[in-house]
Amino acid sequence: MAARPVLVSAPPELDLARPEEVGLNAAQLARIDDHLRRRYLEPEKIAGCLTLVARGGKPAYLSAQGLMDRERGRAMRTDTIFRIYSMTKPITSVALMQLYEQGHFQLDDPVRKFIPEWRDLRVFESGNHPNFLTRPVDRPMTIRDLFTHQSGLTYGFMERTNVDAAYRELAIGGPPAGGSLRQMIEQLAGLPLEFSPGDAWNYSVATDVLAYLVEVFSGQPFDEYLQEHITGPLGMVDTGFTVPASKVDRFAANYRRDRNKQLVLLDDPLTSHYTGDVSFFSGGGGLVSTMHDYYRFCQMMLGGGTLENTRILGRKTVELMTMNHLPSGSDLTDLAVGTFSETTYEGVGFGLGVSVTLDLAVAQAIGSVGEYGWGGAASTAFWIDPKEDLIVIFMVQFWMSGTFNFRGQLKSIVYPALT
């Protein structure tokens with residue numbers, strides 16, 4: 001049984017508008033709490049969660065439910081710090097697009113132009129590491145391929161091919177506290193691609209490579225670049241690659257299900273690697289953040305790259321990032337070869353670091369064409385709907401995403417609240 005909630009300290013509150021002020025129905029939004037309580041909290045499928053709905057630049061619904069640390073009886077707070085995992089990817093993508101705006105690269109530049117060690121990349125044919133049979137790529141990998149996961153790279157956790165087995169053997173992209181982005185680049189230079197760039201879509205360490213390119217173009221370590229150019233200017237005061245000792249009391253525990261579908265502790269906030277030194281600054285999944293911080297990032301994107309007179313990106317750059325970049329207007333069903341993604345495939349395309357809804361009927365979803373977003377491995381999720389001036393963010397710590405369809409269920413409750 002869950003421990004009785006104990007509030008560590010009174011959390012600060014966001015300045016909330018009344019839902020009716022921004023065209024939202026309060027009674028319909030109240031169904032979010034009821035749904036999550038009945039479906040997930042009471043049956044102890046998750047320990048706790050935090051949900052935000054904002055419209056017109058104003059948060060109108062913010063609800064903390066359950067526990068952020070079940071073992072210590074700590075209640076979920078509005079300033080809880082979460083592992084956002086792959087919700088790091090849009091932030092990394094923005095970082096590199098800032099450097100695009102400075103003329104450092106074009107999207108169709110070959111990656112080998114900036115990573116010389118990759119000039120002879122090849123494609124897997126057969127064999128096991130280190131004895132692979134390979135063939136030449138049909139065309140060079142481009143920076144656009146990295147943004148859109150069409151690079152031919154993969155993730156070790158896929159457990160689908162002999163290539164991702166080599167990633168696991170070599171700990172490509174991890175463990176989180178070891179190695180560096182540069183070391184990852186050197187390791188990848190010796191491994192074949194899953195497919196020739198542009199031939200398919202496969203979720204991968206490509207965004208970690210984007211983080212390395214940020215270092216190449218800026219001359220700064222990736223963590224320092226983010227602080228100077230994104231998280232600092234946006235006032236994202238709790239977003240980073242580690243949790244300092246002064247903030248550990250706000251750091252949530254991470255959970256998973258055991259073979260009996262019982263909730264068990266996966267990562268204790270007091271002993272987590274996030275509380276120690278980190279040298280691998282994963283642009284694909286390394287950040288922790290809060291609802292307040294991630295909302296400010298999302299509002300910047302919805303504001304065309306600007307928040308409160310602080311310009312992070314140009315308006316046309318945001319438009320470029322959030323359009324579908326898959327070839328011939330394809331959706332992910334046409335190109336995806338892997339079995340894991342933070343989005344459904346049908347009716348969904350991919351931009352520069354985010355999924356993009358193309359066709360609601362094909363996606364069998366309520367919402368808007370052009371909405372974009374992503375999620376994280378601990379089941380966090382967000383989406384931004386420019387047509388409705390809407391932001392929804394869901395924070396939870398449950399490994400692995402995809403176990404429960406939080407995003408789809410939230411959409412079915414949130415969109416009917418629009419008035």
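Residues numbered from 1 in each chain as written. Predicted model: local features only at pLDDT ≥ 70, side-chain atom pairs only at ≥ 80, totals over all residues. Heavy atoms only, no water.

## Some details on the overall build of the protein
- Assigned secondary structure in the protein consists of 12 helices and 17 strands.
- Here the C-alpha atoms of the protein give a radius of gyration of 21 Å, agreeing with the 22 Å that 2.2 N^0.38 yields for 419 residues.
- Dimensions of the protein along its principal axes, counting C-alpha atoms only, are 60 × 40 × 40 Å.
- Counting contacts in the protein only where the partners sit at least 6 residues apart, residues at least 24 apart contribute 70% of the total.
- Total accessible area on the protein stands at roughly 16400 Å², and carbon and sulfur atoms take up 48% of it.
- When the 38 positive and 48 negative side-chain charges of the protein are each reduced to one mean point, those points stand 4 Å apart. (Helix = DSSP H or I, 4+ residues; strand = E, 2+ residues; numbered from the N terminus. Rg over C-alpha atoms; globule rule 2.2 N^0.38 Å. Contact = heavy atoms within 4.5 Å. Areas by Shrake-Rupley, 256 points an atom, 1.4 Å probe, with all protein chains shown as cover. Lys, Arg positive; Asp, Glu negative; His and termini not counted. Charge placed at Lys NZ, Arg CZ, Asp CG, Glu CD.)

## Some points on the pattern of salt bridges
- Under the criterion given, the structure shown has 29 salt bridges.
- Taking the shortest distance from any N to any O, the salt bridge between Glu101 and Arg311 comes out at 3.5 Å. Remark: Arg311 occurs in strand β11 (residues 310–311) and Glu101 occurs in the loop between α2 (88–100) and β5 (122–128); sequence separation between them is 210 residues.
- Salt-bridge contacts for Asp238 lead to Arg250; the nearest nitrogen and oxygen are separated by 3.0 Å. Of the two residues, Asp238 sits in the loop between α7 (222–231) and β7 (254–257) while Arg250 sits in the loop between α7 and β7, which places them 12 residues apart along the sequence. Accessibility assignment for this pair places Asp238 and Arg250 in one class, buried. (Salt bridge = Lys/Arg side-chain N within 4 Å of Asp/Glu carboxyl O. Buried < 20%, exposed > 50% of the residue type's maximum accessible area, 1.4 Å probe, protein only.)

## Remarks on the environment of His104
- Here His104 lies in the loop between α2 and β5.
- Residue His104 is classed as partly exposed on the basis of its relative accessible area of 31%.
- A C-alpha to C-alpha distance of 9.1 Å links His104 and Ser218, two positions 114 residues apart in sequence.
- Setting aside anything within four residues of it in sequence, one finds His104 in contact with Leu99, Phe114 and Phe217.

## Details of the pairing of strand β8 (residues 263–267)
- Here β7 pairs with β8 via 4 bridges, running antiparallel. Looking at the pairing, Arg257 lines up with Leu263 of β8.
- If you look at the hairpin formed by β7 and β8, you'll find 5 residues sitting between the two strands, and Lys261 has a positive phi there, around 65°. (Pairing = 2+ DSSP bridges.)

## Points about the side chain of Ser368
- Tracing the chain through its elements places Ser368 in the loop between α11 (360–363) and β14 (372–375).
- Accessibility expressed as a relative area gives 8% for Ser368, which makes it buried.

## Observations regarding the pairing of strand β6 (residues 131–136)
- Of the strand pairs in this sheet, β5 and β6 are connected by 6 bridges, and their pairing is antiparallel. Along β6, the bridge assignment pairs Phe124 with Thr134.
- The antiparallel hairpin formed by β5 and β6 contains 2 residues in its connecting segment.

## A closer look at the sheet that holds strand β3 (residues 74–75)
- Spatial strand order, β3-β2-β1-β16-β15-β14-β13-β12: 8 strands in an open sheet with antiparallel pairing. At either margin of the open sheet sits one strand with a lone partner, and together these are β3 and β12 (348–350).
- Note: β14 against strand β15 (residues 381–385), 4 bridges, orientation antiparallel. If you follow Tyr372 over to β15, its bridge partner there is Ile384.
- Relative to strand β16 (residues 390–396), helix α8 (residues 291–302) is tilted by about 155°, and along the sheet it contacts β1 (48–55), β2 (58–69), β14, β15 and β16. (Axes fitted to C-alpha atoms, helices over the stretch in contact; angles between N-to-C directions.)

## Some thoughts on the packing of aromatic side chains
- Across all of its chains, the model carries 25 aromatic pairs by this definition.
- Judged by centre distance (5.5 Å) and plane angle (50°), the rings of Tyr294 and Phe297 are tilted. A residue pair is termed a helical-turn pair when its members lie 3 or 4 positions apart in one helix, as Tyr294 and Phe297 do in helix α8 at 3 residues.
- Between Phe350 and Trp374, the ring centres sit 5.3 Å apart and the planes meet at 85°, which makes this aromatic pair edge-to-face. Note that Phe350 is positioned in strand β12 and Trp374 in strand β14, a separation of 24 residues in sequence.
- Owing to a relative accessible area of 0%, Trp374 belongs among the buried residues under this scheme.
- Note that Lys411 overlies the ring of Trp383, its terminal NZ or CZ placed 5.8 Å from the centroid. (Phe/Tyr/Trp six-rings, centres within 6.5 Å; stacked < 30°, edge-to-face > 60°. Lys NZ or Arg CZ within 6 Å of the ring centre and 35° of its normal.)

## Overview of helix α4 (residues 162–170)
- Within α4, burial applies to Val163, Asp164, Ala166 and Tyr167. Take α4 and look down its axis: the buried residues cluster within an arc of 150°, on one side only.
- Its buried side turned inward, α4 meets β5, β6 and α5 (181–189).
- The N-cap of α4, judged by a side-chain oxygen 3.2 Å from the amide nitrogen of Val163 a few residues on, is Thr161. (Arc of directions from axis to C-beta. Polar contact = N/O pair within 3.5 Å; in protein donor to acceptor, adjacent residues only side chain to side chain.)

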